[in-house]
Amino acid sequence: MTTVRDLLILLISSSLVSNVVLSQFLGLCPFLGVSRKTNTAAGMGVAVIFVITLASAVAGIIYQYVLTPLGIEYLQTIVFILVIAALVQFVEMFLRKFVPALYQALGVYLPLITTNCAVLGVALTNVQKEYGILTGIVNGFATAVGFTIAIIILAGIREKIAYNDIPKPFQGMPIVLLTAGLMAIAFCGFSGLL
Amino acid sequence: MNRAGERLYNGLVKENPTFVMMLGMCPTLAVTTSAMNGLGMGLTTTAVLAMSNLFISALRKIIPERVRIPAFIVIIASFVTIVQLLLQAYLNDLNKALGVYIPLIVVNCIILGRAESFAYSNPPIASLFDGIGMGLGFTVALTCIGIVRELLGAGEIFGVHVMPDSFTPIGIFVLAPGAFFVLAGLTALQNYVKIIGARKGKDMSRIGSGCSQDCMNCDVKGCGKRKGKSLDEGKKPPKPEKAAGEDKKEEQEPGMEIPDLRIIDLTKDKK
């Protein structure tokens, strides 16, 4: 059985030490695309936390109670991607109908998450590392928190960079990638935490 | 056969997915720690791309327009699973080195992009060669980036020591930050080529900036109609009566070009 201590260690290692964007390169597209303003970045981050946590729970349950008993674990990739796509749609419909306030806040970001590779990545990592359902959910949550931390920091830096005089070929993506690289160096420092 | 050659040239040079269109950046960064990994990932992607293009093209008259994206995803995911099982059986070292990035080929923009923009509207043989060409273009790009990173980071190429002994490897290039730096250099170079070309009055619009946008919003050629709700345009969220697995991409008009990132910057900042 996993203890609370194990879960706390997992929480720190998934969110900071092996940060999903800066050391695993998952979810890079929204990380670079939706990080122009801090408030949109925060909105995206919260939506990602919501969806990844839910998706890792659903994927874990399906893997353990449907795929494993039937002996068709090899179908995981196909099943997970369809489940995630369907899940995002259902969450969107559900929120629109029953929690309009939350929908107002997250609605725009939800459709953007369907093809976010971090969602599928977390579901597959949970299976590969043989996490149980609870551990999987914690891992998903921690990964998404790591994404949110990274995207908000990047957005903050980008708001400042906007006023700088950058050489022309480096304007736009290159400078953002350099920033992300420096952030990745900084996040390497967390490896001493555990 | 001429057409097949043209498709290969198109994928390798004219519309090279990495260097020209900047698609599929996640695997590009993640697996290019060495030339071998880059080559392996490239060839794996090529196999999936060629087969999925062939099948989607063969089934293009059967797949209904409305559910084509889920259908594509199922076809692509099936081939990814087949390839993954083959790798596990015959090349397990490579499978371990690439890890979770093999199943993640499913969400690679290049594959869905080619299915949407080429295979769904062209005959099977041309689509097959389009897939092979695009895949080889991707392979060449990944191998090049892998060589650069391995050379600077470890002083080796394909595991063979080539640099003189006085060379101290810059370890950071095989670590995560190095990937960002190499890609930054690459995009800067691409921007430079674009600026020079524009000054000479050449048409540079086919050079995309790919996944610098969100994948679903990525509007350059490869991703064509794969356009979701763009934050930049501030549109209202999609209608709820759509079926669950169905994507919203088809509401978007195809071929709407976002020519330059800076234009989007401006429109966003006005809000």
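Keep in mind it's a predicted model, so treat the numbers as computed, not measured. (Residues numbered from 1 in each chain as written. Chains lettered and ligands numbered in written order. Predicted model: local features only at pLDDT ≥ 70, side-chain atom pairs only at ≥ 80, totals over all residues. Heavy atoms only, no water.)

1. So, the overall build of chain B
Each helix and strand counted, chain B has 9 helices and 2 strands in total. Reading the secondary structure of chain B in the N-to-C direction produces α-α-α-α-α-α-α-β-β-α-α. Among the 271 residues that make up chain B, the fraction classed as buried is 55%. Contacts in chain B between residues far apart in sequence, at least 24 positions, make up 70% of those at least 6 positions apart. In the form shown here, chain B has an accessible surface area of approximately 11500 Å², with 67% of it arising from carbon and sulfur atoms. (Helix = DSSP H or I, 4+ residues; strand = E, 2+ residues; numbered from the N terminus. Buried < 20%, exposed > 50% of the residue type's maximum accessible area, 1.4 Å probe, protein only. Contact = heavy atoms within 4.5 Å. Areas by Shrake-Rupley, 256 points an atom, 1.4 Å probe, with all protein chains shown as cover.)

2. Things to note about the overall build of chain A
When helices and strands are counted, chain A shows 9 helices and 0 strands. Starting at the N terminus and walking to the C terminus, you meet the elements of chain A as α-α-α-α-α-α-α-α-α. For chain A, the spread of C-alpha atoms along the principal axes amounts to about 60 × 45 × 30 Å. Counting all 194 residues of chain A, 54% fall into the buried class. For chain A, the proportion of contacts with a sequence separation of at least 24, taken over those separated by at least 6, is 78%. Carbon and sulfur atoms make up 70% of the accessible area of chain A, which amounts to about 8200 Å² in all. Seen as two clouds, the 9 positive and the 6 negative side-chain charges of chain A have centres 12 Å apart. (Lys, Arg positive; Asp, Glu negative; His and termini not counted. Charge placed at Lys NZ, Arg CZ, Asp CG, Glu CD.)

3. Things to note about the packing of helix α4 (residues 76-98) of chain A against helix α4 (residues 68-90) of chain B
The interhelical angle for the contact between α4 of chain A and α4 of chain B, taken along N-to-C directions, is 150°, at an axis separation of 8 Å. Comparing their axes, α4 of chain B and α4 of chain A come out roughly antiparallel. Along this stretch, α4 of chain A crosses α4 of chain B, giving a crossing that reads as right-handed. Where α4 of chain A approaches α4 of chain B, its residues T77, I78, I81 and L82 of chain A are matched on the opposing element by I73, V74, A77, S78, T81 and Q84 of chain B. Of the residues belonging to the contact of α4 of chain A with α4 of chain B, the class tally is 6 nonpolar, 4 polar and no charged. (Axes fitted to C-alpha atoms, helices over the stretch in contact; angles between N-to-C directions. Parallel < 35°, antiparallel > 145°, perpendicular 65-115°, else oblique. Left-handed = near helix turned anticlockwise from the far one by under 90°. Nonpolar A, V, L, I, M, F, W, Y, C, P; charged D, E, K, R; others polar.)

4. A word on the side chain of T28 of chain B
Along the chain, T28 of chain B falls in helix α2 (residues 25-30). In this structure T28 of chain B touches T18, L23, F138, L142 and I145 of chain B, once residues within four positions along its chain are discounted.

5. Here's the deal with a nonpolar patch on the surface
All names here are of chain B. The grouping of Y9, L12, V13, L43, L136 and V140 at the surface amounts to a nonpolar patch, some 490 Å² of accessible area in total. For the nonpolar patch, the elements supplying multiple residues, two or more each, are α1 (2-14) and α7 (124-154). Summarising the element assignment, L43 is placed in helix α3 (residues 35-58). On the accessibility criterion, L43 (43% relative accessible area) is partly exposed. (Patch = residues over 30% accessible without salt bridge, like charges linked within 9 Å, V, L, I, M, F, W, Y side chains within 5 Å. Salt bridge = Lys/Arg side-chain N within 4 Å of Asp/Glu carboxyl O.)

6. A closer look at the side chain of T143 of chain B
Take T143 of chain B: it is sitting in helix α7. T143 of chain B has contacts with A35, G38, L39 and F158 of chain B, leaving out every residue within four places of it along the chain.

7. Describing the confidence of the model for chain B
All names here are of chain B. Residues of chain B with pLDDT of at least 70 account for 73%, and the chain-wide mean is 74. Here helix α9 (residues 261-270) stands out as the element of chain B with the lowest mean pLDDT, 38, in contrast to α3, whose mean of 91 is the highest. Low confidence marks residues 210-271, where pLDDT is under 50. Its contacts with residues over four positions away, or in another chain, come to 150 contacts. Confidence metrics for the complex model read pTM 0.77 and ipTM 0.82. (pLDDT = per-residue confidence, 0-100.)

8. Examining the packing of aromatic side chains
To describe a pair of aromatic rings, one takes the distance between the centres and the angle between the planes. Summed over the entire model, instances satisfying the criterion amount to 6 aromatic pairs over all chains. Pairing F25 of chain A with F180 of chain B gives two aromatic rings, centres 5.4 Å apart and planes at 50°, and the pair type is tilted. On the criterion of chain membership, the pair formed by F25 of chain A in the loop between α1 (4-17) and α2 (28-33) and F180 of chain B in helix α8 (residues 176-199) is interchain, its members lying in two chains. Residue F25 of chain A shares its accessibility class with F180 of chain B, and that shared class is buried. (Phe/Tyr/Trp six-rings, centres within 6.5 Å; stacked < 30°, edge-to-face > 60°.)

9. What to know about the environment of V107 of chain B
With respect to the helices, strands and loops of the structure, V107 of chain B is situated in the loop between α5 (92-98) and α6 (109-117). Separated by 31 residues in the primary sequence, V107 of chain B and I76 of chain B place their C-alpha atoms 9.1 Å from one another.

10. Describing the pattern of salt bridges
All names here are of chain B. Summed over all chains, the structure comprises 5 salt bridges over all chains. Among the ionic pairs, R68 bridges to E65, the shortest N-O distance being 3.9 Å. Under the relative-accessibility criterion, R68 is labelled buried at 1%. Classification of E65 as partly exposed rests on a relative accessible area of 47%. With a closest N to O distance of 2.8 Å, R68 and E116 form a salt bridge. Of the two residues, R68 is situated in helix α4 and E116 in helix α6; the sequence distance between them amounts to 48 residues. By relative accessible area, which is 5% here, E116 ends up buried. Each of E6, R7, R114 and D130 takes part in one network of salt bridges that share partners.

11. Quick notes on the environment of I62 of chain B
In this fold, I62 of chain B is placed in the loop between α3 and α4. A sequence separation of 93 residues divides I62 of chain B from G155 of chain B, and the C-alpha atoms of the two residues are 52 Å apart.

12. Topic: the nonpolar core
Ranked by size, the top nonpolar core spans 105 residues in total, and within it L22 and F31 of chain A together with L104 and F180 of chain B carry the most contacts. Sort the elements by how many residues they give to this core and α4 of chain B lands first, with 10 residues. Dropping the residues within four chain positions of it, L104 of chain B is found in contact with L26, C117, L120, G121 and L124 of chain A. (Core = buried A, V, L, I, M, F, W, Y, C linked by side-chain atoms within 4.5 Å.)

13. Observations concerning the environment of C26 of chain B
Following the sequence through the fold, C26 of chain B ends up in helix α2. Sequence separation between C26 of chain B and I105 of chain B is 79 residues, and the spatial gap between their C-alpha atoms is 9.8 Å. Ignoring sequence-local partners within four residues, the contact set of C26 of chain B consists of F25, L28, C29 and C117 of chain A.

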